Each structure stands twice: as C-alpha cells, then as structure tokens.
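This is what each chain is made of:
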Amino acid sequence: MRPAWRLATNSLSARRSRTALLIATVSLSAMLIAAVACAMASVHKGIHARVAATVGAADLRIQNVGKQAFDTSVLDEVRAWPETDIAMGRLYEAVPLKNARTGKEAAFTGTGVEHELEYKAKTPLMVEGRTVRAPGEIVLDTIAAKELDARVGDVLDVAVIGTPIKLTVVGIARQPPLGAIGKPEVFLTLAQTQQLAGRPGRLSEIDIIIKSGQDPEATLDRRAPAFEEAHGKALVLRLSSKITSGLVKNIQSSQIGLIISSMLSFLAAAFIIMTGLTTNVTERQRELAVLRCIGASRSLLAKAQLAVGVLIGVIGAAIGVPLGIAGAALMVKLFPEQLPSGFAVSWLGIPLAVAGSVGAGLIGASWPAFRASQTSPLEALAARSRTARRSGILLCGLIGLVLAAIHVAVLLIPTDGQVVFWLDITIGLPSLFTGYFLLGVPTFSLVARLAAPTISKLMGLPGGSRGGILGRTVLATPYRHGFTSGAMMVGLAILVAIWTNGRAVERDWLGSLKFPDAFVHGRNLTEETQQRIEQIPGVTGTAAITLQSLKTDAFGIKGLQDYSTTFVAFEPRKFFDMTALHFVDGDQATAVAELERGGAILVAREFKVAKGVGVGDTLALRYNDKSYEFRVVGVVVSPGLDIASKYFDIGDEYLEQAVNSVFGSRDDLKTIFGNDAISLLQIGIDPAADDKAVMADVRKLVGVGVISAGTGRQIKEEIRTVLSGSLLVFSVVAIAAMLVACLGVANLIIAGIQARGFEFGVLRAIGAQRGLIARLVMGEAVLIALSACVLGTI
C-alpha cells in the first residue's frame, strides 16, 4: 500500500466514531442527490404520460378544412420529409354496435389507428385488457363500455349492409386524465375502419412527430406554404393541441425548477461534506505537523488528506446511492396519483451523485491538506492558540458578495434570454449559493453577537460581555459555525425555490388557461333557454355563441374550390370575461372595442399562415352569394379551448375552431346575416357552488333545446392536482435536504464536543452541571439555525 493511502486509512481508523459520522453524512448526501434525480425522472415520466394520454405526442397535424377524408398518399409525402420522425394516419367513422351478450346497442365515433405507430404518439390509459393489434378487435372507452354493458371478451356485431362483421372487445380504456366528461370513443385498426366506412385508402387526419432538436413552429412555417399550395389549401397543416395548449412549453419551463433543485442538492451535499471534513482542521494540522517533523514530505501529507476525502466519498456513495434509489421508489409508491407512470431511474443523476460525493470529499479534504503542506511544523503545532482574525471574516463576506453579484450581473447584462438562462444555471446560481455559503461566516458572527445574550438568558447560561460563555465559545470558531449554517441554508433555499417556481407555473400558465366553467350545446337554443339557465342557483352568468357557416377564399384555389369557415359569433365582453384567447397579432382591449363597433372579426392563426392575414387587413366572407367585408382586428389562438373542446360534446364546428374559424359579434350576425339563433352557451358558475348540482339542473332543460352539457372547471382541478402533487413530491425532497443538513450539524457538533473534551472537563471541574453543558451545546445549535434561516430565506 502506498504511504499516502496507509496514512489515510490509519487516520480514519484512529477516529472510528467520527469517521462513521462523516461517512453517514456523505451517504445521506449521496442518497439525497440520487433520490432527487430519480424522483424528478419519475415526475417527468408521469407528466409526459398524462400529456400523451390527453392530447397525444404529435407536434403537427394535417386535417381537411371541409372535414372530408383524403388520400393516404399524403401520409407517404409527409413521411418523406426530413423533419418527420413518425407520421401516423387516422380515420374517424360512426360505428353502430350491438353487444351479442347483453343485447344493448349504440353508435359511437370509431377511431381507426395504425396500431404499430399510434401508441408511440398517444397511449391510452387502459382500465382492463390491452390495445387493438389486429383487425377484428376493438377497444371501448369506459363510457362506451357502460352504454353497451360490455366487458373484455364480449363479441360486438357491427350493423353494416352486406356481410356481418363481428369485433371482439380486447380492452377498455380510461377517459383522458384531464377531464372526465367526454364523448365516448371506440378504437379499431385503420384497415378495419376503412372497411366499415367503405373508404379504402382514405384518412381523416395525420399526426406528425418531428425529430428531436427540430422546432415545431419553425417546421410549420417552413412546410405549410408549399404543402398547402400543392394541395390547393384543402388540407391544413397546423400545430397540434400539444403545442397550442402550451402543455409542452410549460413542462419544459418547469424544468428550470428541476435543474435548480438538482444543482442546489449537489451544492448542499458538497457544503455538508466540506464542512464536516474541515471541522477538525486544527487537530489534523497538529498531527500532520508531527509527521512533517519525522520526515514526511509536503506532497505526501497533501495526498494523504486527499485520500481521506476520496475514501469517505466512495464509501458514502456506495451506501447512499442505493438508499436514494430505494427512497425515490418508495416516494412513487406513496404518491401514485401524482406519479401514475411508476418509477424511473435517472442514469444521469446517479453518476452525478457518485461524482458529487467523491468530488465534495476531495474539496473538503483539500483545505486541511493545503494548510498542512504550506505550514511549518512549529507553526502547525501552535495552531490551537490562534484566534480567528476579523480580516478573514470580512474577506469571506467580501468574496461572498462578489459571487452573489455575479448572479445579478448574469441576469442583467446579457440581453438574449437563452444566454441568460444557461449562464445563470452554469455560473450564476452556483456563484450565488457559493457566495451565500461564504457569507455564512460573517452572518453567523453578526447573529451570534446580536442573539447570544438573549439566548443565554433564555437558556440560563452564564452571561457577561460578548454574549457570555455562549457568545465567546461560538465566536472563537466562526468558520466552523458559519460554514455549518451555510450547509443548513441550502435546504431551506431549495424549499423556497421549489414553491416559488411551482406557484409561478400554476399562476402564469394554469391561470392563463381561462375557459368557461361549463358549456351547453344544443340545436335551436333560444334566449328563453339562456334566461332559464341564468336563473339556476349557482349560475353567475351566460354568454351566447352562434355558429354560422360562411364561404371564404382564404383556403382553396379561387375559381376551382370553395371552402367554408365557421363564423363564431359572441357577445364580446361576456365572452372575454369567461374565455382567454391568446393574441398573436393585436390586443384584447382594442379588439373588444372594434367588435362592439361592428364590422370587425378576429381570425385564427391559420388565416395568417395561409393568406398572411393580419390586423388592419380585410377579409371577404360570403353568404347566399353575397360578399361582406370585415376588418381584421386580431389574430388569435385559444389554448384553453383547444384542451376543453377535446372533452365536451360542444359541436364539431366548435371543435374545429382552431383550424378555420373567425370570431365576430352576435350583433353583426343578427344585422348582416339575420341569424339570432344560439348554438352554444358558455356558463359561469359561482366558485362556492357544487358543479354537479348545477349541471344536473342544466341537463334537466333537455326539453328546451339542450343536447349536452359539461363542466369545464374539472379540467383545471385535474391539472392543479398534477401540479400540486409535483410540488408535494419536490417538497419532500427539500425537507429531506434539510434533514440531511440537520444530521450534518449533529456530526459537526459531536466532532466539536470531542475536540473540546478538555474544555468541558475544566467547566465540570469548576462546578458546571451536566445540564449547563447540554444547554451550551443546544445554544450553539440554535445560533446556527438562526443564521441558516437568515441566509436561506434571503
């Protein structure tokens, strides 16, 4: 064995209890990092699974403006694009079914899928059985299964002309997780659906997943003009709901919090390890000085101390990493609703945990190694008589302020957001927390001077100048206590950062998903129906919407093709009180005023893509062969309605509003087109009211034109549950970080007690009771905690 390693093992074996404490601290730190990494990987897996099950993983979508099926040759064309990773076609067709076992029958919307590809984009959450894999198989969702009283293994008859077709139920799928009031669906193979519809080689839509690293919006801008020109703009290439709803972008933005948490957890581990190894610097300097006296070289002593750090780091990682993985797996078991996709291992986080433990051990060992190698033997032997210099404390504070200022400079000086983000993650935040770690020394000194007299009085400790015995004791070793408070500070800072970021996501994104509390869809709804709904207890108001089909030249080839658009007519102020549209061009206040003035419309983003229509342009809409000019006062997308429209039977036209609709006022619709009918009603519900009771009363109005109704508030509650659950999981991690810091403090205090055994013996010899010694140690812990609270909160 090399001399350096022998010295290291002898040093560790000579202090077995303190070595065990240091290894335990490192193990807990490694466990924390591994648990954080695996918990975050599990959260990400769960969130992505919910997104995929809700809106699918597709980035782009192709649909026919007129809703007719189109040829599968378009699918081959899209698959040839270099940006395309996966492209899959679907066909929608009404499927009348009868359960041979129960005799119940009903018709549903059948979705024909390319099963080999479909489940890479949108994986249904199965309640029972499996997904479709071959013709002759069918999957029912829970609503369809209830209506047919069907179960896995039942044989369903399809009511078609000619040869009877039988389908075997192979699975029952759960309704999408972000809304439980949806239209029933059944799933078949694409070939089977084409056979049932009598439309071989036809598709209703194509979903496209682009390759990693490609930007969906840039791909759309690059491909849409040529694609729509080649197909006469009959087919619209647009962003999928996954993109327009903002789900993916906000999941990506939430990774900021995850990155910060990972980095801070690593820093917490490094600080605790370093503080633990530097607690007995003076004691080790004396030992090393003796070795220098008997001929040990400076480099040998440095290598021996570094070997101590490596051994502690390796042993700690070997114990802590498996425990961290097990802890994260237990967390998944405890929070199955928030982590529905199960446990995921972070293959990046585990090596980071090992490297962090060993690296922090090296950093912690480097300081005593450097001091011992640079100090002469006689100076090192006299080290116990040294007191901390005020200049050194001030220097720690100055360096800490400079490092904290680097963080501020990173945020203020660069103008490019991407540069700011990556500089802050790699340089700014590490500098910030390292700076606050160093600020722990002057902060602790200040807190000790201010609080020690009060704490001494409360704990019954001898008083006097400089905070009595408590103040003089802790101020004699400001670095040890200051660095310990710095280690404790990180756990609290993680908790503050997690909740700050989590609440920001909930406020800035979920708060922006503003859509009505409820929808009512019907045929020939009247103002009488609207008034009766407004009189229902718990209803705060309604907004009437009328859907009018008009002709437009914005799509298709002029003179050869004639396409319709849906004029979504609403009462502007009432509509915007309940619904938020995102303005790509223009602003809401101006748009509302112009809509109320008349002759104005909002257009969907696809009009801007297809024809370059923007604010200030005019758009001709035709009705009964007569053309009417409207001023465009805004270009909009509707993230909230993109989500809501997927789960409520609120009309096919409303579902397709993101593709080819224009928004105008009901006054214009009445005056210009003579239409005062109501197609949809948006409903506001008192927050204190019971959604189910209110909607039960609404559904009783079926006899006055109501076809279907559904509540929208449940969608937000489901999303809020996911976010709150994620915050809860991360909070458990942050609390674990503080517990690790507490154990690190215990390690340091125990080491301090062992180092001060002579001092405590003298106190006992002159009459100090055991309780006084205990209160003195507890007083030190209270001062460390107060300093950590100050640093961590700031």
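Residues numbered from 1 in each chain as written. Predicted model: local features only at pLDDT ≥ 70, side-chain atom pairs only at ≥ 80, totals over all residues. Heavy atoms only, no water.

## Section: the pattern of salt bridges
Within this structure, the stated rule accounts for 16 salt bridges. Salt-bridge contacts for Arg202 lead to Asp71; the nearest nitrogen and oxygen are separated by 4.0 Å. Residue Arg202 is found in strand β10 (residues 202-203), and its partner Asp71 is found in strand β2 (residues 70-71); the two are separated by 131 residues along the sequence. Residue classification places Asp71 among the partly exposed residues on the basis of a relative accessible area of 35%. What you see here is one network of salt bridges that share partners, running through Arg61, Arg90, Glu118, Glu205 and Asp207. (Salt bridge = Lys/Arg side-chain N within 4 Å of Asp/Glu carboxyl O. Helix = DSSP H or I, 4+ residues; strand = E, 2+ residues; numbered from the N terminus. Buried < 20%, exposed > 50% of the residue type's maximum accessible area, 1.4 Å probe, protein only.)

## Focus: the confidence of the model for the protein
Looking at the protein, pLDDT values average 76 and 73% of them are 70 or higher. Within the model, pLDDT remains below 50 along residues 555-562, and this stretch shows 21 contacts once partners closer than five positions in the same chain are excluded. The model gives residues 642-659 a pLDDT under 50, and that stretch makes 65 contacts with residues more than four places away or in other chains. (pLDDT = per-residue confidence, 0-100. Contact = heavy atoms within 4.5 Å.)

## Looking at the packing of aromatic side chains
What the rule picks out here adds up to 13 aromatic pairs. Measuring from centroid to centroid gives 5.1 Å for Phe437 and Phe483, while their planes differ by 20°, and the two rings are stacked. Taken together, the positions of Phe437 in helix α15 (residues 417-459) and Phe483 in helix α17 (residues 478-508) put the pair 46 residues apart, joining distant regions of the chain. Both rings, one in Phe575 and one in Phe576, keep their centres 5.4 Å apart while their planes meet at 90°; by these two values the pair is edge-to-face. Across the pair, exposure class does not vary: Phe575 and Phe576 are buried alike. One aromatic cluster is present, built from ring pairs that chain together Phe570, Phe575, Phe576, Phe583 and Phe663. (Phe/Tyr/Trp six-rings, centres within 6.5 Å; stacked < 30°, edge-to-face > 60°.)

## Description of the nonpolar core
In this structure, Leu470, Val474, Leu763, Leu776 and Leu783 are the most contacted members of the largest nonpolar core, which totals 25 residues. Looking at this core, the elements with two or more residues in it are α15, α16 (468-475), α27 (713-755), α28 (757-765) and α29 (770-793). Examining the composition of this core, we find that seven residues originate from one element, α29, more than from any other. The residues contacting Leu776, other than those within four sequence positions of it, are Leu461, Ile469, Leu470, Thr473, Arg756, Phe760 and Leu763. Among the nonpolar cores identified, the runner-up in size contains 21 residues, and Leu75, Ala87, Leu91 and Ile210 belong to it. (Core = buried A, V, L, I, M, F, W, Y, C linked by side-chain atoms within 4.5 Å.)

## Let's talk about a nonpolar patch on the surface
The grouping of Leu395, Leu398, Ile399, Val402, Ile406, Val419, Leu423 and Ile427 at the surface amounts to a nonpolar patch, some 620 Å² of accessible area in total. For the nonpolar patch, the secondary structure elements donating two or more residues are α14 (390-412) and α15. Sorting elements by how many residues they give to the nonpolar patch places α14 first, with five residues. With a relative accessible area of 30%, Ile406 lands in the partly exposed category. (Patch = residues over 30% accessible without salt bridge, like charges linked within 9 Å, V, L, I, M, F, W, Y side chains within 5 Å. Areas by Shrake-Rupley, 256 points an atom, 1.4 Å probe, with all protein chains shown as cover.)

## Some remarks on helix α20 (residues 588-597)
Residues of α20 that are buried: Ala591, Val592, Glu594 and Leu595. Viewed end-on, α20 has its buried residues packed into an arc of 170°, placing them on one side of the element. Exposed and oriented more than 90 degrees from the buried face of α20 are Ala589 and Arg597. Its side-chain oxygen at 3.4 Å from the backbone nitrogen of Ala589, Asp587 defines the N-terminal cap of α20. The first or second residue beyond α20 is Gly598, which carries a positive phi of 105°. (Arc of directions from axis to C-beta. Polar contact = N/O pair within 3.5 Å; in protein donor to acceptor, adjacent residues only side chain to side chain.)

## Overview of the packing of α14 against α15
The geometry of α14 relative to α15 is characterised by a closest axis approach of 7 Å and an angle of 150° between their N-to-C directions. Here α15 runs roughly antiparallel to α14, going by the angle between their axes. Read as a crossing pair, α14 and α15 show a hand that is left-handed. (Axes fitted to C-alpha atoms, helices over the stretch in contact; angles between N-to-C directions. Parallel < 35°, antiparallel > 145°, perpendicular 65-115°, else oblique. Left-handed = near helix turned anticlockwise from the far one by under 90°.)

## Quick notes on unusual backbone geometry
With a phi angle near 50°, Asp149 is a residue other than glycine that sits in the positive phi range. Following the sequence through the fold, Asp149 ends up in the loop between α5 (142-148) and β7 (155-158).

## Some thoughts on the packing of α28 against α29
The geometry of α28 relative to α29 is characterised by a closest axis approach of 10 Å and an angle of 140° between their N-to-C directions. The angle between α28 and α29 falls in the class oblique. With respect to the hand of their crossing, α28 and α29 are arranged in right-handed fashion. Each of Phe760, Leu763 and Arg764 in α28 lies in contact with α29, whose residues at this interface are Arg770, Ile773, Leu776 and Val777. Each residue belonging to the contact of α28 with α29 can be placed in one class, and the counts come to five nonpolar, no polar and two charged. (Nonpolar A, V, L, I, M, F, W, Y, C, P; charged D, E, K, R; others polar.)

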